[in-house]
Amino acid sequence: MDPATLYTAIAATWPPAATRRVGPWTIRDGQGGGKRVSAATADGPFDAGDLPAAEDAMRALGQDPLFMIRAGDDALDTLLADAGYRVIDPVQVRAIPVADLAQLPPPVTAFTLWQPLQITQEIWAAGGIGTERLAVMDRVTGPKTSVLGRARDRAAGAAFVAIHGEIAFCHAVEVEPTQRRQKTAVNMMRLAACWAQDRGATTLAVLVTDANDAANALYASLNMQVVGHYHYRIKAPEEA
């Protein structure tokens, strides 16, 4: 799985409100949907003199200057470090063939449905996934679904899955703290793989920060392998 294919699938399954080119930069209007939909990327030759144009474009959107550093972006990483940008949220891309994970979970432990139910939205909201991120989900134009997990006779978890090409990305995975250690996330991921397989996807992928030990342990237990990395560099107003 080459990096360009991964990044394209990430963007398609978790899209910004708008993008525009400013010189060598792609500027994203995230409208509060998080770093993934707000970070600029370098998509052409650049030098230090091009940096202020990207910073001004992001500030004009009400966003702090933020860049996504992908595989092959070493020169950009160095430029931003020299300009005082700090690293934030290193991310792993984990993936597995859907055929290796697709297994229907026990009855009434997980469901797929689009639009997401109110209880699904409430679980997301409790985990910090509010209306701005729901708007990101609404913008996805390809196949998509929410996943609702249940444990001990009540709603316990939520996730969002969308497909681009042959890759299904699972985003916004949340399990209520009081419902953890009930295999809720395992059941949701297995059902997500079944849903994706039924729609022609061959790979199920997730994004998880390096610092999220619990999520990394879960995905490792499912044999989801690390297939890519990226991180961000940010300059907040007090650092400018």
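Residues numbered from 1 in each chain as written. Predicted model: local features only at pLDDT ≥ 70, side-chain atom pairs only at ≥ 80, totals over all residues. Heavy atoms only, no water.

Q: A description of the overall build of the protein chain should follow, citing residues and the corresponding values.
A: A count of helices and strands for the protein chain gives eight helices and 11 strands. Computed over the C-alpha atoms, the radius of gyration of the protein chain is 18 Å, within 12% of the 18 Å expected from 2.2 N^0.38 for a compact globule of 240 residues. C-alpha atoms of the protein chain, sized along the principal axes, occupy 60 × 35 × 30 Å. Taking all 240 residues of the protein chain together, the buried fraction comes to 51%. Accessible area of the protein chain: about 11,000 Å², with a carbon and sulfur share of 50%. (Helix = DSSP H or I, 4+ residues; strand = E, 2+ residues; numbered from the N terminus. Rg over C-alpha atoms; globule rule 2.2 N^0.38 Å. Buried < 20%, exposed > 50% of the residue type's maximum accessible area, 1.4 Å probe, protein only. Areas by Shrake-Rupley, 256 points an atom, 1.4 Å probe, with all protein chains shown as cover.)

Q: Residue-level account of the sheet that holds strand β8 (residues 154-164), with values.
A: Note: strands within a sheet are paired through backbone hydrogen bonds, in either parallel or antiparallel orientation. The mixed open sheet is built from eight strands, whose spatial order is β4-β11-β5-β10-β9-β8-β7-β6. The sheet terminates laterally at β4 (66-69) and β6 (110-113), the two strands that pair on one side only. Sheet twist, expressed as the mean angle between neighbouring strand axes with direction ignored, is 25°. Here strand β5 (residues 86-97) pairs with strand β10 (residues 203-209) via seven bridges, running antiparallel. For A95, the partnering residue across the bridge sits in β10 and is A205. Along the sheet, helix α1 (residues 3-13) makes contact with β4, β5, β8, β9 (167-175), β10 and β11 (225-234), crossing β9 at roughly 55°. Contacts between helix α5 (residues 118-126) and the sheet are confined to β7 (144-151), β8 and β9, with β8 contributing the most and set at about 90° to the helix. (Pairing = 2+ DSSP bridges. Axes fitted to C-alpha atoms, helices over the stretch in contact; angles between N-to-C directions. Contact = heavy atoms within 4.5 Å.)

Q: Let's hear about the side chain of T13: which residues, and what values?
A: Relative to the helices and strands, T13 is located in helix α1. The class of T13 is buried, set by a relative accessible area of 0%. A polar contact is formed between the side chain of T13 and the backbone oxygen of A9, at a distance of 2.8 Å. Within the structure, T13 has its side chain in polar contact with the side chain of H171 (distance 2.9 Å). (Polar contact = N/O pair within 3.5 Å; in protein donor to acceptor, adjacent residues only side chain to side chain.)

Q: Describe in detail the pairing of strand β1 (residues 18-22), supporting the description with residues and values.
A: Relative to strand β2 (residues 25-29), β1 runs antiparallel, the two sharing five bridges. Of the residues in β2, the one forming a bridge with V22 is W25.

Q: Describe the sheet that holds β1, with residues and values.
A: Judged by pairing direction, the sheet is antiparallel, and its three strands sit side by side in the order β1-β2-β3 without closing on themselves. Edge positions in the open sheet fall to β1 and β3 (41-42), since each of these has one partner strand only. Lying on the sheet, helix α2 (residues 51-60) is in contact with β1 and β2; it crosses β2 at an angle near 10°.

Q: Would you mind going over helix α3 (residues 74-82) in detail, with residue names and values included?
A: Residues L76, D77, L79 and L80 constitute the buried set of α3. On an axial view of α3, the arc spanned by its buried residues comes to 165°, and they lie on one face. Residues of α3 that are exposed and point over 90 degrees away from its buried face: D74, A75 and D82. Its buried side turned inward, α3 meets β2, β3, α2, β4 and β11. Count one or two residues on from α3 and you reach G84, which has phi positive near 95°. (Arc of directions from axis to C-beta.)

Q: Can you explain the packing of aromatic side chains? Please cite residues and give values.
A: The final tally for this structure, using the stated rule, is six aromatic pairs. Seen from their ring centres, F67 and Y85 are 5.6 Å apart, and the 75° between their planes marks the pair as edge-to-face. Taken together, the residues span a long stretch of sequence, with F67 in strand β4 and Y85 in the loop between α3 and β5 at a distance of 18 residues. For F67, a relative accessible area of 0% gives the class buried. By way of ring pairs, the aromatic residues W25, F46, F67 and Y85 are connected into one cluster. (Phe/Tyr/Trp six-rings, centres within 6.5 Å; stacked < 30°, edge-to-face > 60°.)

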